[in-house]
Amino acid sequence: MKRGSLLSRRAVLRGVAAGGLLPLAGCSLDSRAPGVMSMLDKAESLTGAAQRALLAPRIALAPEYPPGAISSYFKPNGSIDPDDPDYVSARQTGFADWKLAVAGLVERPMSLSLADLRALPSRSQITRHDCVEGWSCIGQWRGAQLSALLDAAGLKPQARFIAFFCADTLEQTPDNTGRYYESIDLVDAFHPQTILAYEMNYAPLKVEHGAPLRLRVERQLGYKMAKYVMRIEAIDSFAALGHGRGGFWEDRGYEWYAGI
Ligand SMILES: Nc1nc2c(c(=O)[nH]1)N[C@H]1C(S)=C(S)[C@@H](COP(=O)(O)O)O[C@H]1N2
Ligand SMILES: [Mo]
């Protein structure tokens, strides 16, 4: 079994057996028997095909649109003007001294200015934003590819998720679990359309849409797209964050994987 494969050989064999391709049910599997070895070899190559089949919908690009499709009004939602003191003071200086912290399970923790982020490989995309509330808007976004940032920071082998910590407190709670945060897995983190956007509709990102930096993870619903991102962490589990479900809205009942 190659390291990093998504499916164990045993799981593939189970799947193949369930599909009726191999008469395994009720048999004892002796891997020393030559026939069984060739079955295992077939399973090994099936693993690649099965992985591709499983990953294909995750890797596919979200639809992109021509400039003429950009919505004349893009509805701001959730927090639109954070009042947390650090954010307010950063905003007052036009985010000149603002820094994004990159920490957690990375080889090289970093602190990046907007100029640093703009110097990273970027992507521009015109996509449709779907909010779980039932409205959609099309907008243009440009930002640093998260994959480039993570390559620069160097993920440690234990890293499984990327967490995004935001400036805004959407719900006041005594234990600070009302602060907005989000998390995504590494498939989404390294997806080419996953960007840390500093530009919207060909202009610097406005405060109501998450200035100075917000996540775009285009294969998922709007609540995954954390605005006002202040800190990114590579983590091995999100159990210790908030109420342990991987994001502000997830903690309040929404799905962690909000695929569209
Ligand atoms: N920090 C933060 N990020 C957030 C939210 C929020 O309240 N705070 N709302 C989410 C929801 S539900 C949606 S639909 C989008 C809205 O993005 P927009 O304001 O640019 O339309 O941001 C998401 N990211
Ligand atoms: Mo939303």
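Just above, that's the structure.
Residues numbered from 1 in each chain as written. Chains lettered and ligands numbered in written order. Predicted model: local features only at pLDDT ≥ 70, side-chain atom pairs only at ≥ 80, totals over all residues. Heavy atoms only, no water.

K.L.:
For this particular structure, what's the right way to read the overall build of the protein?
P.N.:
A tally of regular secondary structure across the protein gives 6 helices and 10 strands. Of all 260 residues assigned to the protein, the portion counted as buried reaches 46%. A separation threshold of at least 6 residues defines the contact pool for the protein, and within that pool the share at least 24 residues apart is 69%. When the accessible surface of the protein is split by element, carbon and sulfur atoms take 55% of a total near 13100 Å². (Helix = DSSP H or I, 4+ residues; strand = E, 2+ residues; numbered from the N terminus. Buried < 20%, exposed > 50% of the residue type's maximum accessible area, 1.4 Å probe, protein only. Contact = heavy atoms within 4.5 Å. Areas by Shrake-Rupley, 256 points an atom, 1.4 Å probe, with all protein chains shown as cover.)

K.L.:
Would you take a moment to explain the layout of surface pockets for this structure?
P.N.:
A water-sized probe, rolled over the atoms, reveals where empty space remains. Estimates place the volume of the largest pocket at around 360 Å³. Around the largest pocket, the lining comprises 25 residues; the ones closest to its centre are Asn77, Gly78, Tyr180, Gly222 and Tyr223. Residues of the lining of the largest pocket, tallied by class, amount to 14 nonpolar, 6 polar and 5 charged. (1 Å grid on protein atoms, 1.4 Å probe; cavity = no way out; pocket = protein on both sides within 12 Å on 5 of 7 lines; lining within 4 Å. Points joined across faces, edges and corners; volume = space filled by probe spheres on them. Nonpolar A, V, L, I, M, F, W, Y, C, P; charged D, E, K, R; others polar.)

K.L.:
What is the right way to read the site of ligand 1 from this model?
P.N.:
Close to ligand 1 lie 22 residues; Lys75, Asn77, Asp168, His209 and Lys227 are nearest. One of the side-chain nitrogen or oxygen atoms of aspartate 168 is found 2.7 Å away from a nitrogen atom of ligand 1. For ligand 1, the accessible surface in isolation is 530 Å², of which the surrounding protein chains cover 98%. When each cavity is represented as a set of grid points, ligand 1 is found to reside in the largest pocket. For the shell around ligand 1, the residue count by class is 11 nonpolar, 6 polar and 5 charged. (Near = heavy atom within 4 Å. Polar contact = N/O pair within 3.5 Å; in protein donor to acceptor, adjacent residues only side chain to side chain. Sits in = over half its atoms within 2 Å of the grid points.)

K.L.:
What am I meant to see in the pattern of salt bridges here?
P.N.:
Evaluation of the coordinates by the stated rule reveals 11 salt bridges. Close ionic contact of arginine 58 with aspartate 188 constitutes a salt bridge, the shortest N to O distance being 3.1 Å. With arginine 58 in helix α2 (residues 34-59) and aspartate 188 in helix α6 (residues 186-189), this residue pair connects regions lying 130 residues apart in the sequence. Note on accessibility: arginine 58 and aspartate 188 belong to one class, buried. (Salt bridge = Lys/Arg side-chain N within 4 Å of Asp/Glu carboxyl O.)

K.L.:
Any chance you could explain the packing of aromatic side chains here in plain terms?
P.N.:
Any two aromatic rings considered together are summarised by their centre-to-centre distance and by the angle between their planes. By the definition in use, this model includes 10 aromatic pairs. Plain terms: the ring middles of phenylalanine 161 and tryptophan 256 are 5.6 Å apart, the flat faces sit at 90 degrees to each other, and that makes the pair edge-to-face. One end of the pair, phenylalanine 161, is in strand β5 (residues 161-169); the other, tryptophan 256, is in the segment after β10 (229-235), with 95 residues separating them in the sequence. Plain terms: the ring middles of phenylalanine 248 and tryptophan 249 are 5.0 Å apart, the flat faces sit at 85 degrees to each other, and that makes the pair edge-to-face. The class for phenylalanine 248 is buried, based on a relative accessible area of 2%. (Phe/Tyr/Trp six-rings, centres within 6.5 Å; stacked < 30°, edge-to-face > 60°.)

K.L.:
Honestly, the side chain of serine 147 in this entry has me stumped. Any pointers?
P.N.:
When you line up the elements, serine 147 lands in helix α5 (residues 146-153). Judged by its relative accessible area of 16%, serine 147 is buried. Those residues within four positions of serine 147 in sequence are excluded, and the remaining contacts are Ala189 and Phe190.

K.L.:
For this particular structure, what's the right way to read the nonpolar core?
P.N.:
Most often, soluble globular proteins have nonpolar side chains that are buried together. Of all hydrophobic cores here, the largest spans 42 residues; its most connected members are Leu100, Leu117, Leu149, Phe164 and Leu196. Listed by contribution, the elements that provide at least two residues to this core are α3 (85-92), β1 (100-104), α4 (114-119), α5, β5, β6 (179-185), β7 (195-200) and β10. Counting 9 residues, the second-largest nonpolar core is a separate cluster that includes Phe74, Cys137, Ala197 and Met200. (Core = buried A, V, L, I, M, F, W, Y, C linked by side-chain atoms within 4.5 Å.)

K.L.:
How do you make sense of α5 when you look at a structure like this?
P.N.:
Structural remark: α-helix, 3.6 residues per turn; residues separated by three or four positions point the same way. With 6 of 8 residues buried, α5 lies mostly within the body of the structure. All of the buried residues in α5 are Leu146, Ser147, Ala148, Leu149, Leu150 and Ala153. Positive phi shows up at glycine 154, right after α5, with a value of about 75 degrees.

K.L.:
What am I meant to see in unusual backbone geometry here?
P.N.:
Backbone phi values are negative for most residues with the exception of glycine, while trans is the configuration of most peptide bonds. Omega for the bond connecting alanine 211 with proline 212 falls within 30 degrees of zero, at 5 degrees, which places this linkage in the cis form. In this structure, phenylalanine 95 takes a positive phi of about 60 degrees despite not being glycine. Looking at where phenylalanine 95 falls in the secondary structure, it is placed in the loop between α3 and β1. On the basis of relative accessibility, which here comes to 10%, the residue phenylalanine 95 falls in the buried class.

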